[in-house]
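These are the residues of each chain, in order.
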Amino acid sequence: MEITTEGDLMEKIVTLCKRRGFVFQSSEIYGGFNGFWDYGPYGVAMKKAIEQLWWSEMVEKRDNVVGLDSTIICHPKVWKASGHIDRFGDIMCDCRDCKARHRVDQMPDPKVCPVCGSTNLTPPREFNLMMKTYVGPVFDDEHVAYLRAETCQPIFVDFHLIRIATRMQLPFGIAQIGKSFRNEITPRMFTFRSREFSQMEMEFFCSEEQSMEWYRFWKEARYNYYRNLLEFREDEIQFHDHDKLAHYAKAAVDIEFKFPFGWGELEGIHHRGTWDMSRHQEFSCQNLEYFDPATGKKYLPTVVETSVGLDRTFLAVLSHAYDEQKAPTKKEGIDEDLRIVLHIPPRIAPVQVAVLPLSKKLNDKAAALQKDLWNFYRTELDLTGNIGKRYRRQDEIGTPYCVTYDFESDNDNAVTVRDRDSMEQERVSLSNLRAYLDKKVFGY
Ligand code: ATP
């Protein structure tokens, strides 16, 4: 087996994503739009599967976390209170010689251009990342609104409505998945830094005394999620404690993934103290304290946050999954000796089971089998090309199981199931197929 070199891995992933319809640049026929990406048919299938996995782990399988789906645009005061309007920006400088623009905190030496080595730089300036729009018929300052820069602020704003409606008592969490927008100055690394992206965030409300215990709990839970459910290897993820803490925070850590271009933040786990709630209390002039029936005390809840980018998770899964192999290929009856295979965990693979009739004469029977299976798995009917080529096509999109319907199937009521990773083939009776695939795809 030959593994791709790190250097061009990113390029290979980008090329595959475009060729097989996972992700491509938005508005490509107009020359593309920097920082915006469209997810094609396989991409959206996998993105939704990741979303659903996170939702099920963080909300559905917990009795102390509930969900929210808030609007993308909310009252502009929300962003005043959160500090985003005044302070949410990157400090940038421009190189007067090569015209490159840099984030000062990412420059090895803030006095030297990392592209051309010039010291002829503009003074650092702050660029606000909030995306502006206007709500209502008049385009003036009074009608300015913002696309949300993070999904968590509406959670703080809606905390009491949700608490009252659900009768939840502390400690409990509120989770949301949705789009966020940041006017990133230098969108780069494919979808890693986009201007429109999705976040999956959970804010856990608790008492100050219990907050560090919950911080440790969520840190461990989130790490285990990556190791056990997304199947990331131990050497692919790491914790990175923040060097500097916000004045209100007791602790903050990033879970980093080893992307082809190096370690990058995948998720942040932050102790946010009472900062957000106190700011919204101040700006809304509403009492946002929680009355604790056990102690009879009133206090502002302390918040522990887990915040992950859906697009970054998607990219991490592809980086983990991408593999190229030289042999064996003849065994499967085709000549090309390069096998591109995505080792995507079956539960989030865009196609979980592909059904392949061995001959055109069997198309109808295979189609009937697919219609049965699509009630339980994401399926595809793959009709064209020789069987070896079809296996390769399915490997490239990460399909873990190919079910081949052949001329024997009518007689022995069985099909051949081919495993993506081992390329082993097994004869499985149709009556046992569901149980067999359930175990393989879902592990039960
Ligand atoms: P970075 O330092 O990389 O800019 P951040 O610390 O600003 O990230 P947070 O505000 O903590 O990020 O956002 C939480 C998560 O949202 C990040 O861990 C990341 O997965 C995702 N995210 C943030 N900005 C982007 C972006 N521009 N494109 C894609 N995902 C993003």
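Only a predicted model underlies this, so the values are computations on that prediction, with no experimental measurement involved.

Criteria and thresholds
- Residues numbered from 1 in each chain as written.
- Predicted model: local features only at pLDDT ≥ 70, side-chain atom pairs only at ≥ 80, totals over all residues.
- Heavy atoms only, no water.
- Near = heavy atom within 4 Å.
- Polar contact = N/O pair within 3.5 Å; in protein donor to acceptor, adjacent residues only side chain to side chain.
- Areas by Shrake-Rupley, 256 points an atom, 1.4 Å probe, with all protein chains shown as cover.
- Helix = DSSP H or I, 4+ residues; strand = E, 2+ residues; numbered from the N terminus.
- Pairing = 2+ DSSP bridges.
- Axes fitted to C-alpha atoms, helices over the stretch in contact; angles between N-to-C directions.
- Buried < 20%, exposed > 50% of the residue type's maximum accessible area, 1.4 Å probe, protein only.
- Contact = heavy atoms within 4.5 Å.
- Domains from an automatic or database assignment.
- Buried area = accessible area lost by both parts, 1.4 Å probe.
- Salt bridge = Lys/Arg side-chain N within 4 Å of Asp/Glu carboxyl O.
- Nonpolar A, V, L, I, M, F, W, Y, C, P; charged D, E, K, R; others polar.

Colleague: Give me the site of the ligand: which residues, what numbers.
Modeller: Of all residues adjacent to the ligand, which total 17 residues, the nearest are Glu184, Arg193, Ser194, Glu265 and Leu266. Arg193 is positioned such that a nitrogen or oxygen atom in its side chain is 2.8 Å from an oxygen atom of the ligand. In the model, an oxygen atom of the ligand is placed 2.7 Å from a nitrogen or oxygen of the Glu265 side chain. In isolation the ligand offers 590 Å² of accessible surface; the protein chains occlude 84% of this area. For the shell around the ligand, the secondary structure elements donating two or more residues are strand S10 (196-206), strand S13 (262-273) and strand S16 (302-309).

Colleague: Tell me about the sheet that holds strand S5 (residues 101-103), and name the residues and values.
Modeller: Read from one edge to the other, the open sheet built from three strands follows the order S5-S4-S6, with strand pairing classed as antiparallel. Every other strand in the sheet has two partners, leaving S5 and strand S6 (125-128) as the edge strands with one partner each. Neighbour-to-neighbour, the strand axes of this sheet turn through a mean angle of 45 degrees, independent of strand direction. Bridge count for strand S4 (residues 89-94) against S6 is four bridges, and the pairing is antiparallel.

Colleague: Account for the side chain of Gln176, naming residues and giving values.
Modeller: Secondary-structure assignment places Gln176 in strand S9 (residues 172-181). Since its relative accessible area comes to 0%, Gln176 is described here as buried. A polar atom in the side chain of Gln176 sits 2.9 Å from the backbone oxygen of Thr151. Among residues more than four places away in sequence, those in contact with Gln176 are Trp54, Trp55, Leu68, Asp69, Ser70, Arg148, Thr151, Pro154, Ile155, Gln199, Met200 and Glu201.

Colleague: Talk me through the domain arrangement of the protein; I want residue IDs and the actual numbers.
Modeller: The domain architecture assigned to the protein consists of domain 1 (6-76 + 131-318), domain 2 (89-128) and domain 3 (351-442). Together, the buried faces of domain 1 and domain 2 total about 430 Å²; carbon and sulfur atoms form 51% of this surface. In this assembly, domain 1 and domain 2 are joined by zero salt bridges. Inspection of the region where domain 1 meets domain 2 yields zero residue pairs in polar contact (both at pLDDT 80 or more). For the side of domain 1 that touches domain 2, a count of residues per class yields one nonpolar, two polar and three charged.

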